[in-house]
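Each chain, letter by letter, is given below.
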Amino acid sequence: MKKSQEKEAIRLTQECWHHYWQLDIEYLLGYCDENVSWIGAEQSEFIQGFENVRSNFVELLNHLRPCYLLNQEFFIAQNSGKLRYYDKRRAAPYSC
């Protein structure tokens with residue numbers, strides 16, 4: 001992965017988490033594929049499929065309060081050689 005791609009992936013991750021913690025789940029879901037997997041902090045939070053992830057987020061909104069993350073650190077974990085994310089400008093998944 002090129003350094004510019006790594007920086008963009010980290011920037012997009014930070015942006016998505018910012019929106020998530022402001023309870024704007026639609027922003028984050030806008031980048032999710034129909035086959036998305038969500039791995040949360042709880043043992044029961046291994047969720048697969050867009051609608052299942054959406055339902056989980058909606059349920060979580062009842063328990064979360066908006067907040068800001070401080071001292072954030074994000075790292076790239078890559079095992080396939082390709083980075084895939086949804087590019088709203090192209091309206092399609094994008095592979096790097």
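Everything in this summary refers to the structure shown in the same document. (Residues numbered from 1 in each chain as written. Predicted model: local features only at pLDDT ≥ 70, side-chain atom pairs only at ≥ 80, totals over all residues. Heavy atoms only, no water.)

**Thoughts on the overall build of the protein**
Reasoning step 1: Helices and strands together make up the secondary structure of the protein, namely three helices and four strands.
Reasoning step 2: For the protein, the sequential pattern of α-helices and β-strands runs α-α-β-β-α-β-β.
Reasoning step 3: Nonlocal contacts in the protein, meaning residues at least 24 apart in sequence, comprise 49% of its contacts between residues at least 6 apart.
Reasoning step 4: Only carbon and sulfur atoms are counted for the fraction: they give 50% of the accessible area of the protein, which is about 7,200 Å². (Helix = DSSP H or I, 4+ residues; strand = E, 2+ residues; numbered from the N terminus. Contact = heavy atoms within 4.5 Å. Areas by Shrake-Rupley, 256 points an atom, 1.4 Å probe, with all protein chains shown as cover.)

**Looking at the pattern of salt bridges**
Reasoning step 1: Enumeration over the complete set of coordinates arrives at four salt bridges.
Reasoning step 2: Among the salt bridges present, the one from Glu15 reaches Arg11, with a minimum N-O distance of 2.4 Å. Here the residue Glu15 and the residue Arg11 both occupy positions in helix H1 (residues 3-21), the gap between them amounting to four residues, near one helical turn.
Reasoning step 3: Of the residues examined, Arg11 reaches a relative accessible area of 36% and is grouped as partly exposed.
Reasoning step 4: Glu26 is the salt-bridge partner of Arg54, the closest N and O atoms lying 2.6 Å from each other. In this pair, Arg54 is assigned in helix H3 (residues 50-61) and Glu26 in helix H2 (residues 25-29), connecting sequence segments 28 residues apart.
Reasoning step 5: In the salt-bridge network here, residues are joined through shared partners; they are Glu8, Arg11 and Glu15. (Salt bridge = Lys/Arg side-chain N within 4 Å of Asp/Glu carboxyl O. Buried < 20%, exposed > 50% of the residue type's maximum accessible area, 1.4 Å probe, protein only.)

**A word on the layout of surface pockets**
Reasoning step 1: Approximately 210 Å³ is the volume found for the second largest pocket.
Reasoning step 2: Lining the second largest pocket, in full, are Trp17, Tyr20, Trp21, Trp38, Gly40, Ala41, Glu42, Ser44, Glu45, Asn56, Leu60 and Leu64.
Reasoning step 3: Residue assignment for the lining of the second largest pocket shows that the elements contributing at least two residues are H1 and H3.
Reasoning step 4: A per-class count over the lining of the second largest pocket returns seven nonpolar, three polar and two charged. (1 Å grid on protein atoms, 1.4 Å probe; cavity = no way out; pocket = protein on both sides within 12 Å on 5 of 7 lines; lining within 4 Å. Points joined across faces, edges and corners; volume = space filled by probe spheres on them. Nonpolar A, V, L, I, M, F, W, Y, C, P; charged D, E, K, R; others polar.)

**Concerning H3**
Reasoning step 1: Along its 12 residues, H3 runs 17 Å from first to last C-alpha, staying within 8% of the 16 Å computed at 1.5 Å per residue.
Reasoning step 2: Residues of H3 that are buried include every one of Phe50, Val53, Asn56, Phe57 and Leu60, and no others. Take H3 and look down its axis: the buried residues cluster within an arc of 130 degrees, on one side only.
Reasoning step 3: The elements touched by buried residues of H3 are H1, H2, strand E1 (37-39) and strand E2 (46-48). (Expected span 1.5 Å × (residues − 1). Arc of directions from axis to C-beta.)

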